[in-house]
Amino acid sequence: MKSIISEPIPLSIPTLGGNEWTYIKECLDTNWVSSVGSYVTAFEESIASYSGAPYAIATVNGTAALHICLILAGVERDDYVIVPNITFIASANSVAYAGANPLFIDIEEGSWQMDLNLLEEFLREQTEEGASGRVYKKDGKRIKAIMPVHVLGNMAEMDKLIEISRRYGLVIIEDSTEALGSRYKGQHAGTFGELGCFSFNGNKIITTGGGGMIVTSDEEKAQRAKHLTTQAKADPFAYVHDEIGYNYRLVNILAAMGLAQMEQLDEFKAVRTRNADIYRQELSGLAEISFQNIHPEVEVNNWLFTIRSSHQESLIKKLLDNKVQTRPLWVPMNQLPMFGHLPYIQSEDISAKVHSECLSLPSSSSLKEEEVRYVAQLIKSCIK
Ligand SMILES: *Cc1c(COP(=O)(O)O)cnc(C)c1O
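Residues numbered from 1 in each chain as written. Predicted model: local features only at pLDDT ≥ 70, side-chain atom pairs only at ≥ 80, totals over all residues. Heavy atoms only, no water.

Novice: Kindly report on the environment of G212, identifying the contributing residues and their values.
Specialist: Locating G212 in the fold gives a position in strand β11 (residues 212-216). Through-space distance from the C-alpha of G212 to that of A255 is 9.8 Å; in sequence the pair is 43 residues apart. Contact partners of G212, with chain neighbours within four places excluded, come to I57, A58, T59, V60, N61, G62, F198, S199 and F200. (Helix = DSSP H or I, 4+ residues; strand = E, 2+ residues; numbered from the N terminus. Contact = heavy atoms within 4.5 Å.)

Novice: Provide a residue-level description of helix α1 (residues 20-30), including the pertinent values.
Specialist: All buried positions along α1 are accounted for by E20, Y23, I24 and C27. Viewed along the axis of α1, the buried residues span an arc of 95°, placing them on a single side of the element. When the buried face of α1 is taken as reference, the exposed residues oriented beyond 90 degrees from it are W21 and D29. As for α1, its buried residues are in contact with α2 (38-51) and α8 (252-262). Among the residues trailing α1, N31 stands out with phi positive, at a value near 75°. (Buried < 20%, exposed > 50% of the residue type's maximum accessible area, 1.4 Å probe, protein only. Arc of directions from axis to C-beta.)

Novice: An account of the site of the ligand is requested, with residue identities and associated values reported.
Specialist: Around the ligand sit 16 residues, and of these G62, T63, E178, S199 and K204 come closest. With respect to the ligand, the side chain of T177 contributes an N or O atom lying 3.2 Å from a nitrogen atom. Here an oxygen atom of the ligand sits 2.5 Å away from a polar atom, N or O, in the side chain of E178. Bound to the protein, the ligand loses 93% of the 380 Å² it would expose on its own. At the level of elements, α3 (62-72) and α4 (89-97) are the ones that each hand at least two residues to the shell around the ligand. When residues of the shell around the ligand are assigned to their parent elements, the largest contribution, three residues, is made by α3. For the shell around the ligand, the per-class residue count stands at four nonpolar, nine polar and three charged. (Near = heavy atom within 4 Å. Polar contact = N/O pair within 3.5 Å; in protein donor to acceptor, adjacent residues only side chain to side chain. Areas by Shrake-Rupley, 256 points an atom, 1.4 Å probe, with all protein chains shown as cover. Nonpolar A, V, L, I, M, F, W, Y, C, P; charged D, E, K, R; others polar.)

Novice: I'd love a proper account of the packing of aromatic side chains, names of residues and values included.
Specialist: Scanning all chains against the criterion turns up nine aromatic pairs. Aromatic pair F104 and F339: ring centres 5.8 Å apart, planes at 65°, arrangement edge-to-face. You can see F104 sitting in strand β3 (residues 101-105) and its partner F339 sitting in the loop between β15 (327-328) and β16 (344-345), a full 235 residues away along the chain. No difference in accessibility class separates F104 from F339, as the two residues are buried. Their ring planes at 10° and their centres at 5.1 Å tell us that Y279 and F305 sit as a pair that is stacked. With Y279 in helix α9 (residues 265-283) and F305 in the loop between β13 (298-299) and β14 (306-309), this residue pair connects regions lying 26 residues apart in the sequence. For the pair shown, Y279 and F305 are each scored as buried. The cationic tip of R183 hangs over the ring face of Y50; the distance from NZ or CZ to the ring centre is 5.3 Å. (Phe/Tyr/Trp six-rings, centres within 6.5 Å; stacked < 30°, edge-to-face > 60°. Lys NZ or Arg CZ within 6 Å of the ring centre and 35° of its normal.)

Novice: Let's hear about the sheet that holds strand β9 (residues 187-188): which residues, and what values?
Specialist: Across a sheet, strands are paired by hydrogen bonds formed along the backbone, either parallel or antiparallel in direction. One open sheet accounts for three strands, arranged β9-β8-β13; its pairing is antiparallel. Looking along the sheet, the strands with just one partner apiece sit at the ends: β9 and β13. Pairing of strand β8 (residues 183-184) with β13 involves two bridges; the strand directions are antiparallel. Directly across from R183, in β13, lies its bridge partner E299. (Pairing = 2+ DSSP bridges.)

Novice: Give me the pairing of strand β10 (residues 195-199): which residues, what numbers.
Specialist: The element β10 is extensively covered by neighbouring structure, given that five of its five residues are classed as buried. Residues L195, C197 and S199 point to one face of β10 and G196 and F198 to the other, with burial holding for every one of them. Relative to β10, strand β7 (residues 171-175) runs parallel, the two being bridged by three bridges. The residue bridging E174 from the neighbouring strand is G196, located in β10. Pairing of β10 with β11, which is carried by five bridges, proceeds in the antiparallel orientation. Its bridge partner lying in β11, F198 is registered against M213.

And the structure:
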């Protein structure tokens, strides 16, 4: 096939076409560059009003946001936190930072989200009420929380998940780092559980270079989140700190960038949705290719369009040979050396299959329609 596209096509890069320069320049001009400043508050307010969460607290990145949420949820040393087996490493790492252990649940074949039937069956059959809460029968260790991950901006059936978490007395911390702009029954991702987190890493739907956000409807938790992310400072003047805190606040310069990005979020989502629709159109009907199942009640942000095919290897080669960036989905957590010894609940190890068959396609907010069609043509030519 003759290429009409001369530049390499990246996977998911920032689009910086709004007020980024203006707002950042104002930080520099006014000398408000650090962790205090009006843009931090404005960015928090913009995330809160967009998502419908009463409180939002900006952090240095999404991983730090998850770490703080685990502390706020009361997760303690040696507790278990339930995490899907297919996720980006940061979900499981944050649990380890809190001194706890992730307990992995396999994903569902179609949606690639945590399998809620497997979760329920596990809680019903392999856990029991102990003195301190729900415990894993095998070793008596407490299970404190569930960290659902809205993988690729898609969501699980949240009603069912919330019901399960209540029935077994578990706190929900949503890793909604990929799901800014996604909703279930009209309610924004990150606002279903006690706590939710967003990420503004360079590849996410909006970016501050690096950044994150905690959202919650609990005022006390919101105050403590601010406290913990600012070194647990108990006095604004004297250096008094009342517990071990963290230097996890987002700086004003980056919040300024975040505010400018928020102004463009709906536009970014619209472009990504148009492009995802074109991918689906172009590639539907090919027996060798399937898509992520989106629950009818989910409005997905289409952050990173990903397909599944038994031809994963040859498709990746074809795309890379033609300067189209693509990546497989993450290595399942149970296959990683740090986490291999931890419980992994599965019956058919869907994670391994999805990992060996999925590949993500270019999805940037600046991606043009003809580029999407070009990528689709490459894929079609490869499996014919
Ligand atoms: C991006 C991401 C994170 C972490 O975000 P950072 O801002 O990079 O720390 C956590 N979990 C998932 C699933 C992610 O995709």
